[in-house]
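Working through the structure, step by step
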Amino acid sequence: MIRTLVVDDDFRVSHIHSEYVSRVAGFAVVGEAASVAEALEAVRALRPDLLLLDIFLPDGSGLDVLRRLTGDEGGARPDALMITADRDIESVRTAMKLGAVGYLVKPFGSPDLCERLTAYRELQHRVEVFGPAAEPDQADVDALFSAARPPTVPRIPAKGHSAPTLTLVHQALRAASGPVSAAEAAELTGVSRATAQRYLSYLVKEGAVRLELRYGAAGRPEHLYRIVS
């Protein structure tokens, strides 16, 4: 599990974000903090892997948290995904320089955060697969950097589709270990097979998903769907 600490000065927003995180497979919320001081103390006590870090805090900035942790010799610094209403370009640039793995502007919904967390989880998985002694080639390095970016979900047509369902189907295919059928996609997402088929067909049309045919001993070939990297 990816141990996650949520840092936000608004306890209601913090609880909402914690709930969002708890819905994503592979993540567990280990605590919440509402200030720079609380965040630093929680990091040292709880040893999270990832911070969901707001910039506006009552006793400083979330960027101060990153600066302090970068200079802390007490242990490895957790990764940080900035979640903030601050759109100032200097804040974005500073977050990048301090090693933030992403920057999500408030307000956002559960699907938006899920995309970022899923991309982060994929990156961690790929790093673990290589192992500490690996010497990846350029293609491997490119794959690691692309994994850190959330997948791009096609635009929603004017009628007949919803953004949350499209995101859900897209994420299910991205998380799958191989191609899946419409029935399997329906089981993974909790929608009907007909709904899954409709969204899969749209994703194929938009170039986000590739259709593959699997031929059996007899009968019509089975349609399988694989995410396009």
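Figured I'd write up the structure that's included with this text.

An order of β2-β1-β3-β6-β7 is seen for the five strands of this open sheet, with the pairing classed as parallel. Of all the strands in the sheet, just β2 (27-33) and β7 (102-105) have a single pairing partner and so form its edges. Averaged over all adjacent pairs, the angle separating strand axes in this sheet is 20°, with direction ignored. Pairing of strand β6 (residues 79-84) with β7 involves four bridges; the strand directions are parallel. Directly across from Leu81, in β7, lies its bridge partner Gly102.

This brings us to the pairing of strand β1 (residues 2-7). Most of β1 is tucked away, with five of its six residues classed as buried. With six bridges joining them, β1 and β2 adopt parallel strand pairing. By the bridge assignment for β2, Arg3 is matched with Ala28. On the question of chirality, the crossover connecting β1 to the parallel β2 by way of helix α1 (residues 11-22) is right-handed. Bridge count for β1 against strand β3 (residues 50-53) is four bridges, and the pairing is parallel. Bridge assignment links Leu5 to a residue of β3, and that residue is Leu51.

Ranked by size, the top nonpolar core spans 22 residues in total, and within it Val7, Leu51, Leu53, Val65 and Met82 carry the most contacts. The biggest single contributor to this core is helix α2 (residues 36-46), with five residues. Leaving out residues up to four positions away in the same chain, Val7 has contacts with Ala33, Ser35, Ala39, Leu52, Leu53, Asp54 and Leu57.

The subject of this paragraph is helix α4 (residues 89-97). Those residues of α4 not exposed but buried are Ser91, Thr94 and Ala95. The arc enclosing the buried residues of α4, seen along the axis, measures out at 100°, which places them on a common side. Across α4 from its buried face, at more than 90 degrees, point the exposed residues Ile89, Met96 and Lys97. Buried-residue contacts for α4 involve α3 (62-70), β6 and β7. Among the residues of α4, the N-terminal cap falls to Asp88, whose side-chain oxygen and the backbone nitrogen of Glu90 are separated by 3.0 Å. At the C-terminal side of α4, Gly99 shows a positive phi close to 90°.

It is worth spelling out unusual backbone geometry at this point. The amide bond that connects Lys106 to the next residue, Pro107, takes the cis arrangement and shows omega of -5°. Along the chain, the position of Pro107 falls in the loop between β7 and α5 (110-130). Look at Arg47: it is not a glycine, yet its phi comes out positive at around 50°. Assignment of secondary structure puts Arg47 in the loop between α2 and β3.

With the rule as written, the count across this model stands at 10 salt bridges. One salt bridge in this structure joins Glu19 and Arg23, with 2.9 Å as the shortest N-O distance. The residue Lys106 makes a salt bridge to Asp54 at a minimum N-O spacing of 3.3 Å. Of this pair, Lys106 sits in the loop between β7 and α5 while Asp54 sits in the loop between β3 and β4 (56-57), and the two are 52 residues apart along the sequence. We note that Lys106, like Asp54, is buried. One salt-bridge network, held together by shared partners, links Asp8, Asp54 and Lys106.

By the element assignment, Asp86 lies in the loop between β6 and α4. Within the structure, the side chain of Asp86 is placed 2.9 Å from the backbone nitrogen of Asp88, a separation counted as a polar contact. Ignoring anything within four residues of it in the chain, the contact list for Asp86 reads Ile55, Phe56, Ser91 and Tyr103.

Rules used throughout
- Residues numbered from 1 in each chain as written.
- Predicted model: local features only at pLDDT ≥ 70, side-chain atom pairs only at ≥ 80, totals over all residues.
- Heavy atoms only, no water.
- Pairing = 2+ DSSP bridges.
- Helix = DSSP H or I, 4+ residues; strand = E, 2+ residues; numbered from the N terminus.
- Axes fitted to C-alpha atoms, helices over the stretch in contact; angles between N-to-C directions.
- Buried < 20%, exposed > 50% of the residue type's maximum accessible area, 1.4 Å probe, protein only.
- Right-handed = clockwise from strand over helix to strand, strands pointing away.
- Core = buried A, V, L, I, M, F, W, Y, C linked by side-chain atoms within 4.5 Å.
- Contact = heavy atoms within 4.5 Å.
- Arc of directions from axis to C-beta.
- Polar contact = N/O pair within 3.5 Å; in protein donor to acceptor, adjacent residues only side chain to side chain.
- Salt bridge = Lys/Arg side-chain N within 4 Å of Asp/Glu carboxyl O.

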